[in-house]
There are 2 protein chains.
Amino acid sequence: MFSQVIECVPNFSNGRDPEVLQKIMAPFYAEKEVKVLDYSQDEDHNRAVVTVIGTAAGLERSMVRAAGLAAELIDLRKHEGAHPRMGATDVVPFIPIRNATVEDCDALARRVGQSIAEKYGIPVYLYEESATRPERQNLANIRKGQFEGFAEKIKDPAWAPDFGQAEVHPSAGVTAVGAREPLIAYNINLGTDNLDIATAIAKKIRFIGGGFRYCKAMGVDLADRGIVQVSINMTNYKKTHLYQVFSAVKTEAARYGVPVIGSEVIGLLPMEALVDTAMYYLQLEGFETSQVIEARLLEDDDEK
Amino acid sequence: MFSQVIECVPNFSNGRDPEVLQKIMAPFYAEKEVKVLDYSQDEDHNRAVVTVIGTAAGLERSMVRAAGLAAELIDLRKHEGAHPRMGATDVVPFIPIRNATVEDCDALARRVGQSIAEKYGIPVYLYEESATRPERQNLANIRKGQFEGFAEKIKDPAWAPDFGQAEVHPSAGVTAVGAREPLIAYNINLGTDNLDIATAIAKKIRFIGGGFRYCKAMGVDLADRGIVQVSINMTNYKKTHLYQVFSAVKTEAARYGVPVIGSEVIGLLPMEALVDTAMYYLQLEGFETSQVIEARLLEDDDEK
């Protein structure tokens, strides 16, 4: 494994042409210090999501090239899809995984953002942990108005780009780049088919409703199972913990006499979230992640 | 990392001469497919414990050589110490960690046992998962009588060795070799200084007292903290789970009005034990170890 592991999940505005996506991804495959973990295209959203891991240097080289290829191969003037978007390369998050900090990812995001602006004339906005203004932390705020609205929005001094001229790239739009913590997609299932209850609980536990700082949530109907679900995005599991959210959902569900019948993690989660969960429930004292055999095996790799 | 990881924790009967231990360990350092994780010598016990990991092939080559060196460098006729022992190489457990099964470790134990007997004339007993008779599963049964008593014990047909002649090696004694599951050393702290309560709880939860199949336990006085502890060896965490033991100790402690104030893991534990714990307490549905990022990073290594 690489001595340093940063995850990058670029979103490109093409969900319908696999050949275009493969051309855009070529720099990732060609880069020795990067490995492609996953990619998918969604026709309705007309959007591709790519997951790669690698060193800061490897990601910098390959991500800048991929953004250049996306600018060549995607024309937003002809793009339509269900998912909001503002650029050919729409958003580029960098996430610390191993031997890397959010600060490392922030520095990487700035270097990549500057290169994309300078090389291809695409205005770049820094978002999340890299945001230069509070209102730019939330990607939805930056993307508001989308590609079509940006010609005007970018003239507003409040929305001057962090890198590049205040002029939208005619076909490739604008791009958001930033560092963020790993996100855990975590859902909690309720023993009821009443969507109102899931929605009410979601509103109570999420940040905007007065709940946890790093928790986004909504109620979802799982009609085929005849139950409802509180669907959660844990945006910083190191500060808002899985056990806190699980316990809070149980507490809220109790007022409706509804049981929590299970939970699920969608996609990947860092081992630290498991360590954290075990430490809480088993009341573990002084436990270190380095006591996990698999963590030790990865450390041995680092020495090589 | 190696494509396959087996752990081996040989115990040698020398706790007082670091040079002797280094000479015995030389084959581990020299072997490319083996890595030394830890070693320690205890003067009172007059015993050394070495922890190495590696492939079956690498461990077979180096462990057989190390046993030969131990037979050259340790004379049990001159050995005294607090810990029971019967051989220069006293016991050699093989433990599956990654891409290896107990069956793989059992096959390895038999090859190593046979080589030690044939090359050095040391009788070998197979124990734990490799035992050929039920009474040989427990190492304590095999070791009963120790080095001094074995000249007579080995003549008893019931104690004929699994490999080699029924004749103790004059200076190196006899050796036990076997496969076993990873062991987790897990302690649960009670909010009382009454050792009788810790002892009573230990007796209730452990196998010999009617408790869990893969649980050994005893009460321990932590005088400096003014509390007592149920000190536990989890001999198969895949079948007797951490949460079961933790919960059972809470249940027993409740009858004395005593709180569980914490727990601790001593040394290493496999990530699967954490996955297992999180799955129980968070009621996780359909979670796979491969969803843990660190597991994915190790898998990528396997591909190389």
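Residues numbered from 1 in each chain as written. Chains lettered and ligands numbered in written order. Predicted model: local features only at pLDDT ≥ 70, side-chain atom pairs only at ≥ 80, totals over all residues. Heavy atoms only, no water.

Caption draft 1: Broad picture of the sheet that holds strand E9 (residues 215-222) of chain A. All names here are of chain A. Reading across the sheet, the 4 strands line up as E9-E10-E8-E11 and stay open at both edges, with antiparallel pairing between neighbours. Lying at the two open borders of the sheet, with one neighbouring strand each, are E9 and strand E11 (260-266). Pairwise comparison of adjacent strand axes, ignoring direction, gives a mean angle of 20° for this sheet. Note: strand E8 (residues 184-190) against E11, 6 bridges, orientation antiparallel. If you follow Asn189 over to E11, its bridge partner there is Gly262. Sheet strands touched by helix H7 (residues 242-254): E8, E9, strand E10 (227-234) and E11. Its angle to E8, the strand with the most contacts, is close to 25°. (Pairing = 2+ DSSP bridges. Helix = DSSP H or I, 4+ residues; strand = E, 2+ residues; numbered from the N terminus. Axes fitted to C-alpha atoms, helices over the stretch in contact; angles between N-to-C directions. Contact = heavy atoms within 4.5 Å.)

Caption draft 2: Focus on the side chain of Arg206(A). Positionally, Arg206(A) belongs in the loop between helix H6 (195-205) and E9. The charged side chain of Arg206(A) is buried without a salt bridge, its nearest counter-charge being Glu252(A) at 12 Å. (Buried < 20%, exposed > 50% of the residue type's maximum accessible area, 1.4 Å probe, protein only. Lys, Arg positive; Asp, Glu negative; His and termini not counted. Salt bridge = Lys/Arg side-chain N within 4 Å of Asp/Glu carboxyl O.)

Caption draft 3: Representation of the relation of the copies chain A and chain B. Between chain A and chain B, the superposition needs a rotation of 180° and an axial shift of 0.0 Å, giving an RMSD of 0.1 Å. Here the transformation between the copies is reduced to the relation of a two-fold axis. A shared interface surface links the copies, since 100% of the contact residues of chain A are contact residues in chain B too. (Least-squares fit on C-alpha atoms with pLDDT ≥ 70 in both.)

Caption draft 4: Just the nonpolar core, in detail. In terms of nonpolar packing, the biggest core is built from 76 residues, with Tyr186(A), Leu190(A), Tyr186(B) and Leu190(B) touching the most fellow members. Setting aside residues up to four positions removed in sequence, Leu190(A) forms contacts with Ile197(A), Ala198(A), Ile201(A), Ile227(A), Val228(A), Val230(A), Val249(A), Ala253(A), Val258(A), Pro259(A), Val260(A) and Ile261(A). (Core = buried A, V, L, I, M, F, W, Y, C linked by side-chain atoms within 4.5 Å.)

Caption draft 5: Quick look at the pattern of salt bridges. For the structure shown, the criterion picks out 23 salt bridges over all chains. Notably, a salt bridge pairs Arg77(A) with Asp75(A), separated by 3.0 Å at the nearest N-O pair. Measuring nitrogen to oxygen at the nearest pair gives 2.7 Å for the salt bridge that ties Arg111(B) to Glu60(B). You can see Arg111(B) sitting in helix H3 (residues 102-120) and its partner Glu60(B) sitting in helix H2 (residues 56-73), a full 51 residues away along the chain. Given the relative accessible area of 35%, Arg111(B) is considered partly exposed. A relative accessible area of 22% means that Glu60(B) is categorised as partly exposed. Linked through salt bridges whose partners overlap, the residues forming this network are Arg47(A), Asp90(A) and Arg143(A).

Caption draft 6: Structural context of the sheet that holds strand E10 (residues 227-234) of chain B. Residue and element names in this part refer to chain B. The 4 strands lie next to each other as E9-E10-E8-E11, forming an open sheet whose pairing is antiparallel. On the outer flanks of this sheet lie strand E9 (215-222) and strand E11 (260-266), each paired with one strand and no other. On average, each strand axis in the sheet is inclined to that of its neighbour by 20°, with strand direction left out of account. Here E9 runs beside E10; their pairing, made up of 8 bridges, is antiparallel. Residue pairing across strands places Asp221 opposite Val228, the latter belonging to E10. Running at roughly 25° to strand E8 (residues 184-190), helix H7 (residues 242-254) makes contact with E8, E9, E10 and E11 of the sheet.

Caption draft 7: Main features of the interface of chain A and chain B. Each partner contributes residues to the interface: chain A has 48 residues there, and chain B has 48 residues. In total, about 4,400 Å² of surface goes out of reach between chain A and chain B, with carbon and sulfur atoms giving 63% of it. Linking chain A to chain B there are 2 salt bridges. Taking the shortest distance from any N to any O, the salt bridge between Glu285(B) and Arg225(A) comes out at 3.2 Å. Inspection of the chain A/chain B interface yields 22 residue pairs in polar contact (both at pLDDT 80 or more). Those elements that provide at least two residues to the side of chain A that touches chain B are strand E3 (34-42), strand E5 (89-98), E8, H7, E11, helix H8 (271-281) and helix H9 (293-303) of chain A. Sorting elements by how many residues they give to the side of chain A that touches chain B places H9(A) first, with 8 residues. Classifying every residue of the side of chain A that touches chain B by side-chain character gives 28 nonpolar, 8 polar and 12 charged. (Buried area = accessible area lost by both parts, 1.4 Å probe. Polar contact = N/O pair within 3.5 Å; in protein donor to acceptor, adjacent residues only side chain to side chain. Nonpolar A, V, L, I, M, F, W, Y, C, P; charged D, E, K, R; others polar.)

Caption draft 8: Up close: the environment of Arg110(A). All names here are of chain A. Structurally, Arg110 can be placed in helix H3 (residues 102-120). Taking relative accessible area as the criterion, Arg110 reaches 31% and is therefore assigned partly exposed. Spatially, the C-alpha atom of Arg110 lies 7.6 Å from that of Gly178, the residues being 68 residues apart in sequence. Those residues within four positions of Arg110 in sequence are excluded, and the remaining contacts are Leu126, Ser130, Thr132 and Phe163.

Caption draft 9: Structural view of the side chain of Gln229(B). Residues and elements named next belong to chain B. One can find Gln229 in strand E10. We classify Gln229 as buried; its relative accessible area is 5%. Here the side chain of Gln229 touches Asn189 through a polar contact of 2.8 Å, side chain to side chain. Only 2.9 Å separates the side chain of Gln229 from the side chain of Glu264, close enough to count as a polar contact.

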